[in-house]
Amino acid sequence: MLGWFKKKVGQKNEEQVVKTTDTHSSAEEQSLKDNVDSNITEEIVESTDTVVEKETCENCEELVTPPAVDSTSIGAGKDDDKKSMFHRLQQRLGKTHESFISRMDSLFAGKKEIDQELLDDLEEILFTADLGVATTQELLESARAKVKRKELSDPKVLKTILKEKILGFLQEAEGSGALVMPEQGPFVIMVVGVNGVGKTTSIGKIAAKFSSAGKSVLLVAGDTYRAAAVNQLKIWGERVGSEVIAQKTGADPSSVVFDGIEFGVARNYDVIIIDTAGRLHTQVNLMEELKKIQRVIGKKMEGAPHEVMLVLDSTTGQNGISQAKLFNETVGITGITLTKLDGTAKGGIIANVCRELKIPVRFIGIGEQIDDLREFNSEEFVEALFHQRSE
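Quantities reported herein were computed from a predicted structural model and do not represent experimental measurements.

About the cut-offs
- Residues numbered from 1 in each chain as written.
- Predicted model: local features only at pLDDT ≥ 70, side-chain atom pairs only at ≥ 80, totals over all residues.
- Heavy atoms only, no water.
- Helix = DSSP H or I, 4+ residues; strand = E, 2+ residues; numbered from the N terminus.
- Phe/Tyr/Trp six-rings, centres within 6.5 Å; stacked < 30°, edge-to-face > 60°.
- Buried < 20%, exposed > 50% of the residue type's maximum accessible area, 1.4 Å probe, protein only.
- Salt bridge = Lys/Arg side-chain N within 4 Å of Asp/Glu carboxyl O.
- Pairing = 2+ DSSP bridges.
- Axes fitted to C-alpha atoms, helices over the stretch in contact; angles between N-to-C directions.
- Contact = heavy atoms within 4.5 Å.
- Core = buried A, V, L, I, M, F, W, Y, C linked by side-chain atoms within 4.5 Å.
- Expected span 1.5 Å × (residues − 1).
- pLDDT = per-residue confidence, 0-100.
- Patch = residues over 30% accessible without salt bridge, like charges linked within 9 Å, V, L, I, M, F, W, Y side chains within 5 Å.
- Areas by Shrake-Rupley, 256 points an atom, 1.4 Å probe, with all protein chains shown as cover.
- Lys, Arg positive; Asp, Glu negative; His and termini not counted.
- Charge placed at Lys NZ, Arg CZ, Asp CG, Glu CD.

1. Remarks on unusual backbone geometry
For step 1, the next point in the chain: Omega for the bond connecting A304 with P305 falls within 30 degrees of zero, at -5°, which places this linkage in the cis form.
For step 2, the next point in the chain: Tracing the sequence through the fold places P305 in the loop between α11 (284-300) and β9 (307-313).
For step 3, the next point in the chain: Here D130, not a glycine, exhibits a phi torsion of approximately 70°, which is positive.
For step 4, the next point in the chain: With respect to the helices and strands, D130 occurs in the loop between α5 (116-128) and α6 (133-148).
For step 5, the next point in the chain: One non-glycine residue, K358, lies in positive phi territory at about 60°.
For step 6, the next point in the chain: In this fold, K358 is placed in the loop between α13 (349-357) and β11 (361-365).

Dropping the structure here:
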């Protein structure tokens, strides 16, 4: 688990303290918490002068209640479970497999040679799988060159070449994104992305992975624009046993982040995960605010953030590439989490992102369960995608 996260020696934080308040939750908040767990009390996390205050949940339709954490399932992926986990990955990539691999198999079926018509049809298939123009052209140019040199004639071999080429894109990105762990102090992750991509939910699931690996995790609610975002992060904190640093809606995000880093360092947390407000990548002022948050983190802790993670919705297609480029220009993305891969037939976006940006994919979301946010393994992913399905 968390193979890219090198083990760091350090003491755990002191026992987390959760204090109650007499402040009344709104009807919407109470309904939300009742749906999560009827036994959860109304709690807030208090640290130094930073206190979570109850706010009316005006955007509750955006709030997804996290599932209960089953400590026996978080560690899925051990040796005796690898086969079933691989099978589940195959199943969740079914839509992409059907629109990409199955169509390619049908195109190649019965063909004894590679001609221009076959390559034109293959180009359409690659486009619809969201591999993108430049990536598709590179794949086809490689194939055409081999055909021209008489090195390639069998369509079935062409499929193998495409598989290896796509794997190469993913592995090249993986090799460019090694993380450097701090010699002392917490490992700080700053999470960015537009609204609606599953950012806060991904943070909760990542926190669960670190917690199950024995790491103490602090969550910082830097999205102060939506009460729903703070409430959702608080619920995830309760479910995974992580403390949450937050302020009231509308507070200065940089102030929250400053307090969070200070608290995390003082309590010797292993990991600090910072949520930030979802924003359109075209909103210059808000993107500038991200730069400010990043500067505050760096001033409070030298070398941080150690990971700037962009969360992308796989179903957005090429717009996701545009988002990634602009966020990268603003804050320097070091890792990507791709959500909702189970809900799209265009999973080729992974190859496109890796080839275009040379930024590694850290996690992929293939479902709603807590262990459906999978650590990304390029070989496993390509094998599951290209694997021959039984009829």
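2. So, the packing of aromatic side chains
For step 1, the next point in the chain: If you walk through the whole model with that rule in mind, you get three aromatic pairs.
For step 2, the next point in the chain: When the ring of F263 is compared with that of Y269, the centres are 6.2 Å apart and the planes differ by 40°; the resulting orientation is tilted.
For step 3, the next point in the chain: Arranged with centres 5.4 Å apart and planes meeting at 55°, the rings of F376 and F381 form a pair that is tilted.
For step 4, the next point in the chain: We classify F376 as buried; its relative accessible area is 9%.

3. Details of the pattern of salt bridges
For step 1, the next point in the chain: Scanning all chains against the criterion turns up 18 salt bridges.
For step 2, the next point in the chain: Measuring nitrogen to oxygen at the nearest pair gives 3.4 Å for the salt bridge that ties D371 to R88. Note that D371 is positioned in the loop between β11 and β12 (373-375) and R88 in helix α3 (residues 82-92), a separation of 283 residues in sequence. Each member of the pair D371 and R88 is classed as buried.
For step 3, the next point in the chain: Between D313 and K340 there is a salt bridge, and its shortest N-O distance comes to 3.1 Å. Of this pair, D313 sits in strand β9 while K340 sits in the loop between β10 (335-339) and α13; the two residues are 27 residues apart in sequence, bridging distant segments of the chain.
For step 4, the next point in the chain: Residues joined in a network through salt bridges with shared partners are E138, K165, K325, R355 and E356.

4. Quick look at the pairing of strand β6 (residues 217-222)
For step 1, the next point in the chain: Buried residues dominate β6, accounting for six of its six residues.
For step 2, the next point in the chain: Residues V217, L219 and A221 point to one face of β6 and L218, V220 and G222 to the other, with burial holding for every one of them.
For step 3, the next point in the chain: Examined bridge by bridge, β6 and strand β8 (residues 271-276) share six bridges and lie parallel to one another. In the strand pairing of β8, G222 is matched with T276.

5. Regarding the sheet that holds β9
For step 1, the next point in the chain: One open sheet holds the eight strands; their spatial order is β7-β6-β8-β5-β9-β10-β11-β12, and the pairing between them is mixed. Taken across any chain shown, the strands that pair with only one partner, and hence form the sheet edges, are β7 (243-245) and β12. For this sheet the average axis-to-axis angle between neighbouring strands, irrespective of direction, equals 25°.
For step 2, the next point in the chain: In the sheet, strand β5 (residues 187-192) pairs with β8 via five bridges, with the strands oriented parallel. Looking across to β8, one finds that I189 is bridged to I273.
For step 3, the next point in the chain: Here helix α9 (residues 227-240) sits on the sheet in contact with β6, β7 and β8, set at roughly 170° to β6.

6. Regarding the nonpolar core
For step 1, the next point in the chain: Among the nonpolar cores identified, the biggest contains 104 residues, and F100, L158, I273, I350, I364 and F381 are the most heavily contacted of them.
For step 2, the next point in the chain: Residue contributions to this core peak at eight residues, all from helix α7 (residues 155-175).
For step 3, the next point in the chain: If near-sequence neighbours (up to four positions away) are discounted, L158 is found in contact with F108, I114, L118, L119, L122, A143 and L152.

7. Thoughts on α9
For step 1, the next point in the chain: With 14 residues, α9 should cover 20 Å at 1.5 Å per step; its first-to-last C-alpha distance of 20 Å lies within 8% of that length.
For step 2, the next point in the chain: Within α9, 13 of the 14 residues are buried, which leaves it mostly tucked inside the rest of the structure.
For step 3, the next point in the chain: Looking at the residues trailing α9, positive phi occurs at G241, about 75°.

8. Observations concerning the confidence of the model for the protein
For step 1, the next point in the chain: Mean pLDDT for the protein: 81, with 77% of residues reaching 70 or above.
For step 2, the next point in the chain: Across residues 67-77, confidence stays below pLDDT 50; counting only partners more than four residues off in sequence or on other chains, it has 21 contacts.

9. Description of a negative patch on the surface
For step 1, the next point in the chain: Together, E113, D115, E117, D120, D121 and E124 make up a negatively charged patch on the protein surface.
For step 2, the next point in the chain: By secondary structure assignment, the location of E117 is in helix α5.

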